[in-house]
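Each chain, written out:
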Amino acid sequence: MRTRRSPSTGLWLGALLLVAAALAWAVPFAVPGHAATVVNTGNPDGRMAMASRPATPGNLETEAADDFIIPTATTISSGTFVGLLPSGAPLSSIQQVRVEIYRVFPKDSNTSRTPNVPTRVNSPSDVEFADADTVTHTLTFTASRVSASFTAANSVDNGIHPKPNQTTGGDGAVTGEEVRFSFSVNPGITLPADHYFFIPQVALSSGHFLWLSAPKPIVAPGTPFSPDLQTWIRNSNLDPDWLRVGTDIVGGNPAPTFNATFSLVSAAGAAGCRP
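Residues numbered from 1 in each chain as written. Predicted model: local features only at pLDDT ≥ 70, side-chain atom pairs only at ≥ 80, totals over all residues. Heavy atoms only, no water.

Undergrad: So what exactly am I meant to see when it comes to the overall build of the chain here?
TA: Along the chain, the regular secondary structure elements total two helices and 17 strands. Here the chain holds 275 residues, and the buried ones make up 45% of them. Counting contacts in the chain only where the partners sit at least 6 residues apart, residues at least 24 apart contribute 83% of the total. Accessible area for the chain stands at about 13200 Å²; split by element, carbon and sulfur atoms hold 58% of it. (Helix = DSSP H or I, 4+ residues; strand = E, 2+ residues; numbered from the N terminus. Buried < 20%, exposed > 50% of the residue type's maximum accessible area, 1.4 Å probe, protein only. Contact = heavy atoms within 4.5 Å. Areas by Shrake-Rupley, 256 points an atom, 1.4 Å probe, with all protein chains shown as cover.)

Structure, rendered in structure tokens:
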């Protein structure tokens, strides 16, 4: 024989079910991680364009570097950077994309040698900490044309020399196609909390890729951080030393300082709440 519930018992059970449903929506549960921006320096400011490319036949390897800070350990999964291709160059002329991460000198460096540059303080280290590359299939990318014509007021490409001939004033204004690169790395690059430099390199079938500068200090839509170091550059003739793009190469009193246009994204944690 079925037992009939009293009205008060039914009301109590109904309230209990409502509470349980509310808790189910409020308690965190495992969901795919949401992307979190680690650094964003903003948009190109038109002041500087810096060579940054792997070694190819007839071209020295050149690395331009800008810094970022990781306050807690994280894994970089993707990012963007913006630079110039030669005017009229098709996107199909992009042959290789590589990204590198360096720590700040004196880490990963030989401190017993005499540098061939004015200073190594706050420079990238001698050797890289991590990398990803289309050649090793650890990086994939898409490239999109932002503008068919973009002019940077100055550039550094071939004028990279050890002291005392480091100050050239730069290689002069340059115009090209503004292109945004969006890349993903697999596996992600895991970084302990520290201060780092980011280096993108692009090889073209013809001509040179030039990485565009960003405002320094950082302005919206970028997110400022401190300390924000200036950009550095070297080629394989200068390796393992580095020169400051503004202070050492462009020069002047006061000398300009530059950031570079890039962002980095990490895959955040797996806990969250239902929307």
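Moving on, there is more to tell.
Undergrad: Honestly, the environment of Ser123 in this entry has me stumped. Any pointers?
TA: Note that Ser123 resides in the loop between strand 6 (94–103) and strand 7 (130–133). Along the backbone, Ser123 and Leu243 are 120 residues apart, and their C-alpha atoms lie at a distance of 7.9 Å. Once residues lying within four places of it in the same chain are set aside, the contact partners of Ser123 are Arg103, Val104, Phe105, Phe197, Trp232 and Trp242.

Undergrad: How should the packing of aromatic side chains be read in this particular structure?
TA: Each aromatic ring pair is characterised by the separation of its centres together with the angle its planes make. Scanning all chains against the criterion turns up 13 aromatic pairs. Pairing Phe129 with Tyr196 gives two aromatic rings, centres 5.9 Å apart and planes at 55 degrees, and the pair type is tilted. Pair noted here: Phe129 is in the loop between strand 6 and strand 7 and Tyr196 is in strand 11 (residues 194–204), with a separation of 67 residues, a long-range link. Overall, the relative accessible area of 32% leaves Phe129 in the partly exposed class. Arranged with centres 6.0 Å apart and planes meeting at 75 degrees, the rings of Phe198 and Trp211 form a pair that is edge-to-face. (Phe/Tyr/Trp six-rings, centres within 6.5 Å; stacked < 30°, edge-to-face > 60°.)

Undergrad: I keep staring at the sheet that holds strand 4 (residues 62–70) and nothing clicks. Help me out?
TA: Across a sheet, paired strands are connected by hydrogen bonds in the backbone, their directions being either parallel or antiparallel. The sheet built from six strands is open, its strands ordered 7-6-11-4-13-14 with antiparallel pairing. Edge positions in the sheet fall to strand 7 and strand 14 (243–244), since each of these pairs with one other strand and no more. Two elements, strand 13 (residues 232–235) and strand 14, share two bridges in a ladder whose sense is antiparallel. For Trp232, the partnering residue across the bridge sits in strand 14 and is Arg244. (Pairing = 2+ DSSP bridges.)

Undergrad: Even after reading the chapter, I still don't get the environment of Pro44, so can you show me in this structure?
TA: Along the polypeptide, Pro44 turns up in the loop between strand 2 (35–40) and strand 3 (49–51). Between the C-alpha atom of Pro44 and that of Val82, which follows or precedes it by 38 residues, the distance is 7.5 Å. Setting aside its immediate chain neighbours within four residues, Pro44 contacts Val82, Phe150, Glu178, Leu212, Ser213 and Thr261.

Undergrad: Honestly, unusual backbone geometry in this entry has me stumped. Any pointers?
TA: Excluding glycine, most residues fall at negative phi; most peptide bonds, likewise, are trans. In this structure, Pro217 follows Lys216 across a cis peptide bond, with omega equal to 5 degrees. Along the chain, Pro217 falls in the loop between strand 12 (210–214) and strand 13. Following Asn253, the chain continues to Pro254 via a peptide bond in cis, the omega torsion being 0 degrees. Summarising the element assignment, Pro254 is placed in the loop between helix 2 (245–250) and strand 15 (259–260). With phi around 65 degrees, Asn122 is a residue other than glycine that occupies positive phi space. With respect to the helices and strands, the residue Asn122 is situated in the loop between strand 6 and strand 7. Residue Asn122 is classed as partly exposed on the basis of its relative accessible area, which comes to 37%. Phi is positive for His137, which is not a glycine, with a value near 60 degrees. With respect to the secondary-structure elements, His137 resides in the loop between strand 7 and strand 8 (139–152).

Undergrad: Just to check I follow, could you spell out the pattern of salt bridges for this structure?
TA: Considering all chains together, one arrives at 16 salt bridges under this definition. Between Glu177 and Arg145 there is a salt bridge whose closest N-O contact spans 3.0 Å. Separated by 32 residues along the polypeptide, Glu177 in strand 10 (residues 174–191) and Arg145 in strand 8 bring together distant segments of the chain. The partly exposed category is assigned to Arg145, whose relative accessible area is 40%. Two residues, Asp228 and Lys216, come together in a salt bridge whose shortest N-O distance is 3.9 Å. Separated by 12 residues along the polypeptide, Asp228 in the loop between strand 12 and strand 13 and Lys216 in the loop between strand 12 and strand 13 bring together distant segments of the chain. Note on Asp228: relative accessible area 17%, which makes it buried. Put simply, Arg98, Glu100, Glu128, Asp131 and Asp133 are held in one network by salt bridges that share partners. (Salt bridge = Lys/Arg side-chain N within 4 Å of Asp/Glu carboxyl O.)

Undergrad: Sorry if this is basic, but what is going on with the environment of Ser52 here?
TA: Within the secondary structure, Ser52 sits in the loop between strand 3 and strand 4. Excluding residues within four positions of it along the chain, Ser52 makes contact with Thr62, Glu63, Ala64, Ile199, Pro200, Gln201, Val202 and Phe209. At a separation of 2.6 Å, a polar atom in the side chain of Ser52 contacts the main-chain carbonyl oxygen of Pro200. (Polar contact = N/O pair within 3.5 Å; in protein donor to acceptor, adjacent residues only side chain to side chain.)

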